[in-house]
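Structural characterization, general
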Amino acid sequence: YRDLHTFELQAPTRLIEWARGNRVCVAGYGQSDGNEILQLIPPPTLLTKETQGLCPERDFKVERGGFSERPVYSLKSVPDTSLLVTSGPPDSSLQVWQVSAEDSDVIKSVSTIATENGTGQSWAKIATISARTPWVLHGSRLDRVQITEIESRKNVYAAASQGSEELSNLAFLDCNTLLLCCATGRLCLADIRQPQCLMEAASVPSAPCGEQWCMGSRHGAQGLEPSSQPVARLSSRGLLTLTDLRKTSEFLALAKARFPSPGSDAEFLCVSWAPALEGYLAISGFDGTVHVYDTQSWDSSGREAEPIFVHKGHTFGGAGGSRDHPLVTVHTWHLQKPRTLLSAATDGSLHIWDWVQPCGKC
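Here goes a summary of the coordinates provided. (Residues numbered from 1 in each chain as written. Predicted model: local features only at pLDDT ≥ 70, side-chain atom pairs only at ≥ 80, totals over all residues. Heavy atoms only, no water.)

**Digging into the sheet that holds strand β6 (residues 74–77)**
- As summarised here, the arrangement of the four strands in space is β6-β7-β8-β9, forming an open sheet in which the pairing is antiparallel. At either margin of the open sheet sits one strand with a lone partner, and together these are β6 and β9 (107–113). With direction set aside, neighbouring strand axes in the sheet form an average angle of 25°.
- Sheet topology places strand β8 (residues 94–99) next to β9; six bridges connect them, and they run antiparallel. Considered in β9, the bridge of Val99 is made with Ile107. (Pairing = 2+ DSSP bridges. Helix = DSSP H or I, 4+ residues; strand = E, 2+ residues; numbered from the N terminus. Axes fitted to C-alpha atoms, helices over the stretch in contact; angles between N-to-C directions.)

As structure tokens, then:
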């Protein structure tokens, strides 16, 4: 490691979100009332553009906080605003939060976005954008995807019914283009100007019944059109597929992740592209580690890929001295620092770390 910082949360979190001012937002997913939503200030050394030497303050600080009456399974900040949107059981409704001004340390609930026939539906996956006005893309199933204007709660888009498969992820590629990934691995492109049309990408390789998938997209990379961003899909067996959205009929690459015992449980499955490092992605959710890969040498053979770095920090000395190894619930990349990631685990540990580039890759 070049640098490693740790912080112990009061409850485990399954999400990490960067917010305005280079802040970090996290939230608890316990089943009891009073799940915390916190805005943290990262260690000062992580707020500078250049790596500095010794720094007297090396810990996270809680800047603002609030409480949710329901578990928070997804949290997104709304770009260019002080708003947050969350979702979680027992239904597919959304909660909107306001991060208070500098003279207050409160994150307060301001509204709820109810969904039609939301009762009985699983919790909604969400994505946000502020290209026109603040919008939230949300849905729990493929036939219930919609875009809502956050402030007015007006529905501005509803996807055509293309099946009722459960969604694992969704994303804005730009203000008009949406990317939807089903738990079955089905990947669809949608254009809000043509709500009756969904374009399906290459199907995932045949797999045992019950295998679950998630996706990670590289939208927002500098100098690249949204349609040129490769999309990574990760299965609960550890299979990775890369798809070029300009040629969706075939795979760009196939590989197998190296994990001890991939299974069918995909509750915390996570794959993400590095925003400031070309061709690098990270995966987690199988155990207490985070694996980082350089995909630039991958082909369509499906052979096992060798990680260039494995973060094992969560596997050592869990909170409370528990002997059970915690499971990594989520990870995310720093937006500007190329090799810096944050990760959280089921023991409430939050790590921010920066690995040293392997020899020969400098």
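**Details of the environment of Glu165**
- Within the secondary structure, Glu165 is located in the loop between β13 (155–158) and β14 (167–172).
- Judged by relative accessible area, which is 24%, Glu165 ranks as partly exposed.
- Along the chain, Glu165 and Ala183 lie 18 residues apart, while their C-alpha atoms are 7.3 Å from each other.
- Beyond its immediate stretch of four places on either side in the chain, Glu165 contacts Ser140, Arg141, Leu142, Cys182, Thr184 and Arg186.
- A distance of 2.6 Å separates polar atoms of two side chains, one belonging to Glu165 and the other to Arg186. (Buried < 20%, exposed > 50% of the residue type's maximum accessible area, 1.4 Å probe, protein only. Contact = heavy atoms within 4.5 Å. Polar contact = N/O pair within 3.5 Å; in protein donor to acceptor, adjacent residues only side chain to side chain.)

**Concerning the environment of Asn176**
- Along the chain, the position of Asn176 falls in the loop between β14 and β15 (177–182).
- Considered as a pair, Asn176 and Gln194 are 18 residues apart in the sequence and their alpha carbons are 9.6 Å apart.
- Only 2.9 Å separates the side chain of Asn176 from the side chain of Arg132, close enough to count as a polar contact.

**So, the state of the cysteines**
- Scanning all chains against the criterion turns up zero disulfides.
- A disulfide-free cysteine, Cys182 has its sulfur positioned 5.6 Å from the sulfur of Cys188, the nearest such atom.
- Lacking any disulfide linkage, Cys270 is separated from the closest cysteine sulfur, that of Cys214, by 6.5 Å. (Disulfide = S-S within 2.5 Å.)

**Some points on the environment of Ser104**
- Tracing the backbone shows Ser104 in the loop between β8 and β9.
- Of note is the side chain of Ser104, whose polar atom sits 3.3 Å from the backbone nitrogen of Val106.

**Some words on unusual backbone geometry**
- Of the consecutive residues Pro89 and Pro90, the connecting peptide bond is found in the cis state with omega at 15°.
- In this structure, Asp80 takes a positive phi of about 65° despite not being glycine.
- Mapped onto the elements, Asp80 comes out in the loop between β6 and β7 (83–87).
- Judged by its relative accessible area of 69%, Asp80 falls in the exposed class.
- Of note in this structure, Arg153 is not a glycine but carries a positive phi near 60°.
- Structurally, Arg153 can be placed in the loop between β12 (146–149) and β13.

**Focus: the sheet that holds β14**
- Within the open sheet, the four strands sit side by side as β14-β15-β16-β17. Their pairing is antiparallel. Each having just a single partner strand, β14 and β17 (198–200) make up the two edges of the open sheet. When strand polarity is set aside, the average angle formed by the axes of neighbouring strands in this sheet is 20°.
- Here strand β16 (residues 187–191) pairs with β17 via three bridges, running antiparallel. Counted as the bridge partner of Leu189 is Met199 from β17.

**Focus on the pattern of salt bridges**
- With the rule as written, the count across this model stands at 14 salt bridges.
- Its salt-bridge partner being Arg14, residue Glu267 comes within 3.4 Å of it at the nearest N-O pair. Of the two residues, Glu267 is situated in the loop between β21 (253–256) and β22 (270–273) and Arg14 in strand β2 (residues 13–19); the sequence distance between them amounts to 253 residues.
- Classification of Arg14 by relative accessible area gives buried; the value is 10%.
- For Glu165, the salt bridge identified is with Arg186, shortest N-O distance 2.6 Å. Linking Glu165 in the loop between β13 and β14 with Arg186 in the loop between β15 and β16, this pair joins segments that are 21 residues apart in sequence.
- The exposure class of Arg186 is buried, given its relative accessible area of 19%. (Salt bridge = Lys/Arg side-chain N within 4 Å of Asp/Glu carboxyl O.)

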